[in-house]
Amino acid sequence: PELIQRYMNNLEREQHVAMSTSDLRQSYYCEDCDKQYKTYSEFDNHINSYDHQHRKRLKELRERDFARKMMGHRRKKKDKDKEKEKESLLNQRLVALERVKMAEQKLLLKANDPKGFK
């Protein structure tokens, strides 16, 4: 039992150390560049480097460009929808005008027909 207890204590200690080191390693990780650093000075040098700044700007530009394209896509879709709506209204107007013309023609025919032919 004492040997098992020592083993369990060592196992717990190792797990605790592994978790602590993983926390430290995460603190020196650059998400923009997907790079891991062992020391703060290496990480700090990287953050101030041209390579990091360049990647960061490039990432921001891509995000901005993507957002602009999405807004343009939405604007085009709205324009298409408006155009379809205008076309639909125009077609409805044409149909209504055609019906009025047909009704006028029927009235003229009735008025001109001496027998009152229906």
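Residues numbered from 1 in each chain as written. Predicted model: local features only at pLDDT ≥ 70, side-chain atom pairs only at ≥ 80, totals over all residues. Heavy atoms only, no water.

Caption draft 1: Geometry of the pattern of salt bridges. Within the structure shown, the criterion is met by six salt bridges. Between aspartate 51 and arginine 55 there is a salt bridge, with its nearest N and O atoms 3.4 Å apart. Remark: arginine 55 and aspartate 51 occur in helix α3 (residues 50-112); sequence separation between them is four residues, near one turn of the helix. Note that aspartate 65 is salt-bridged to lysine 69, the shortest N-O span being 3.6 Å. Separated by four residues within a single helix, aspartate 65 and lysine 69 lie in helix α3, roughly one turn from each other. Assessed through its relative accessible area of 55%, lysine 69 is described here as exposed. (Salt bridge = Lys/Arg side-chain N within 4 Å of Asp/Glu carboxyl O. Helix = DSSP H or I, 4+ residues; strand = E, 2+ residues; numbered from the N terminus. Buried < 20%, exposed > 50% of the residue type's maximum accessible area, 1.4 Å probe, protein only.)

Caption draft 2: Just the environment of asparagine 45, in detail. Tracing the backbone shows asparagine 45 in helix α2 (residues 40-47). For asparagine 45, a relative accessible area of 55% corresponds to the exposed category. For the pair asparagine 45 and lysine 77, spaced 32 residues apart in sequence, the C-alpha separation works out to 46 Å.

Caption draft 3: Focus on the nonpolar core. In this structure, Tyr28, Cys30, Cys33, Tyr37 and Phe43 together form the largest nonpolar core, which totals five residues. If near-sequence neighbours (up to four positions away) are discounted, cysteine 30 is found in contact with Lys35, Phe43, His46 and His52. (Core = buried A, V, L, I, M, F, W, Y, C linked by side-chain atoms within 4.5 Å. Contact = heavy atoms within 4.5 Å.)

Caption draft 4: Inspection of the confidence of the model for the chain at higher detail. For the chain, per-residue confidence averages 85 on the pLDDT scale, and 91% of positions sit at 70 or higher. Here helix α1 (residues 2-27) is the element of the chain with the lowest mean pLDDT, 81, and α2 is the one with the highest, 92. (pLDDT = per-residue confidence, 0-100.)

Caption draft 5: Seen up close, unusual backbone geometry. Even without a glycine there, the phi angle at aspartate 34 is positive, about 55 degrees. The exposure class of aspartate 34 is exposed, given its relative accessible area of 57%.

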